[in-house]
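Coordinate analysis (summary)
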Amino acid sequence: MVTGTSPEANMGPALILQVRMCLKPFKPFFYQGSSTFYTLNTLLCKSPQLPLSARLLCTRHKNPTSGARQADRGNGGQADGQGGVRNSGNRRREEELWDGAETGKGQSASIWQRTAPLKSVFAAGTAKRTAEMLKRKALPDVEEHAEEPEVRTRRGPGKVQPPDRPLSAADWRTLKESLGNHPRFDIQMMGALFTSRAELDIAKSLLSFVAMETGTLTYELLLRYLTLCVSGGHDDEVFDVYDIMRGSFPCLETGASSLFIKSFSRTERWREAVGILREVKKVFTPSPRNYGDIIAAAMLNGDTAGAWALYDELIENGLIPHQETWEALYRGAMEPEEKRGTEAGAVSESEHRERLLGILLHMRNNQIYPQHGLTSSIKTWFERYRRAELERFKVFMERRPAFDVVVDGLNVANISRDKSKNSETLLAVVSELQGQGLNVLVLGRRHMLRPSRTWDKHNMKLIQQKAHCFFTENISEDDPFLLYATLNSGNHCRFVSRDLMRDHKACLPDGATRRLFFKWQRGHQLVLHGYVTPGRRVRFQSILSYDTIIQTSADSWHVPYDDTEDRCTYEVPQRWLCLTAKH
């Protein structure tokens, strides 16, 4: 174990700052797809105010290796390359970050779960478990990340073991020699620091050593250091690295751009990530992750219009959003109204709901199954906006006089066999009730307001003139609104619907409550008699003025009884046995 420290171990922050001061833009010799890497030109950094270690940072590496990553246009702009540091493969979040700087072609390892095989070949997880089982049989001892040759110690092959504290330059030199002076020691060590989640000061001391040892910090090493900063949440350090790389290199490759977008998006400087995204788009199509990071930031900071604009751009580019992006959109809808943006062009609450419902339709049409986190966000949003909708309906009811009849608009309209007559059917029923001098409420859904062959614009306008109307969201269940409006209006109020409300009755807690509801329903529900024919009067089935239960008065008993074997549970007998005692 190497021991001892020196002042060089703590010079990381000052060293980075000094490097940034001495760097100047120069003509690039690295472009997308090139195998050349960036180094810092010593001829541009000869300030006598800088210590020797800082000036050495500006020299060119004598033994350049591949540090570039090529854009994979076939994979949504995500990068791939060569020469990466091996990692454990069981931290998914770390792998996604490291992929931004990794240039290896290995695949991330999986956690094998010993579960009993499912019977159905279509059951979730069956294919993956089968593939993993076959892989274990075929390659029991093969490492998944083998693109980087391991550093060999004097005792034989082994993995790089990072120190647990910052080291001096002399200590780093001793450690490097003990590992065989591997030419990519700095790259592999930075990868090991990332994998082990080492403290940032250890990585800074490594940068100081490399600068003094080789006189250069390669683009690849800075990229690996950037990855470590982003994964550790050291955003202030990321800002420093950003200034250095922007001031030194005319362009940034995919890995660096993605990492900067990710880090900036979770800070107050999130809007700068939009500028980085614009630069990326000049070269290749950004990845769904790039879009998702900024969309989440925009929603978190109340810029709903910007978030949806980026989401539309993502879809137009033929990319598939990450589920975290959808989750951010649903979470943003649950923010207080004052945080959702009030600037000109901000997305209205109703439009926001329509867009979120559109995501559900997108998942349905593309057979996408939401994961647990997204499902929870959808559920919470749905329940919250349903409560908000119910509160709006309560206010609507309070501002209007009690209704005489409440019409289930969609249910009544669908009586027509010809769907093009739906609005005409509803208008005929409303006109009949309004002609009787009744105060009418029509409950419908928002899609009924969009002119179509089914919902004639003129007919819907006439309906709104003859009756009060309240239109719920398209996925809302309108029965609760129907029952609430009828009960709230008083015992005289009736409701028009063919729905027998059996599912609502089944939800009631006990038999006594269900019987009470059924009794109330029989005395308040109006059902259309037959079909609605244009030019003919609309007729309703009669509501009985008595209750069909065993009744008694004085010495008389009236007993309803069955004379048929096909009576349904929601029907009542039509025959009575009348018993009277004779004196």
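These figures come from a predicted structure and were not determined experimentally. (Residues numbered from 1 in each chain as written. Predicted model: local features only at pLDDT ≥ 70, side-chain atom pairs only at ≥ 80, totals over all residues. Heavy atoms only, no water.)

Before going further, it helps to examine the overall build of the protein. Within the protein, the regular secondary structure consists of 22 helices and 12 strands. When each of the 583 residues of the protein is scored for burial, the buried share is 44%. When contacts within the protein are restricted to residue pairs at least 6 apart in sequence, those whose partners lie at least 24 apart make up 70%. Working note: accessible area of the protein is about 31600 Å², and carbon and sulfur atoms make up 51% of it. (Helix = DSSP H or I, 4+ residues; strand = E, 2+ residues; numbered from the N terminus. Buried < 20%, exposed > 50% of the residue type's maximum accessible area, 1.4 Å probe, protein only. Contact = heavy atoms within 4.5 Å. Areas by Shrake-Rupley, 256 points an atom, 1.4 Å probe, with all protein chains shown as cover.)

This brings us to unusual backbone geometry. Not every positive phi belongs to a glycine, and Arg197 is a case in point at roughly 55°. By the secondary structure assignment, Arg197 is in the loop between helix H6 (185-195) and helix H7 (200-214).

Turning our attention to the environment of His447. Turning to its location among the elements, His447 is positioned in the loop between strand E6 (440-445) and helix H19 (457-466). Residues His447 and Asn474 lie 27 residues apart in sequence; the distance between their C-alpha atoms is 6.4 Å. When residues no more than four places from it in sequence are discounted, the contact partners of His447 are Leu410, Trp455 and Asn474.

Considering all chains together, one arrives at 19 salt bridges under this definition. For Arg269, the salt bridge is made with Glu272, and the minimal N-O distance between the two is 2.7 Å. On the accessibility criterion, Glu272 (32% relative accessible area) is partly exposed. A salt bridge links Glu432 to Arg537, with the shortest nitrogen-to-oxygen separation between them at 3.1 Å. Highlighted residues: Glu432 in helix H18 (residues 422-435) and Arg537 in the loop between strand E9 (525-526) and strand E10 (551-553), separated in sequence by 105 residues. The exposure class of Glu432 is buried, given its relative accessible area of 15%. (Salt bridge = Lys/Arg side-chain N within 4 Å of Asp/Glu carboxyl O.)

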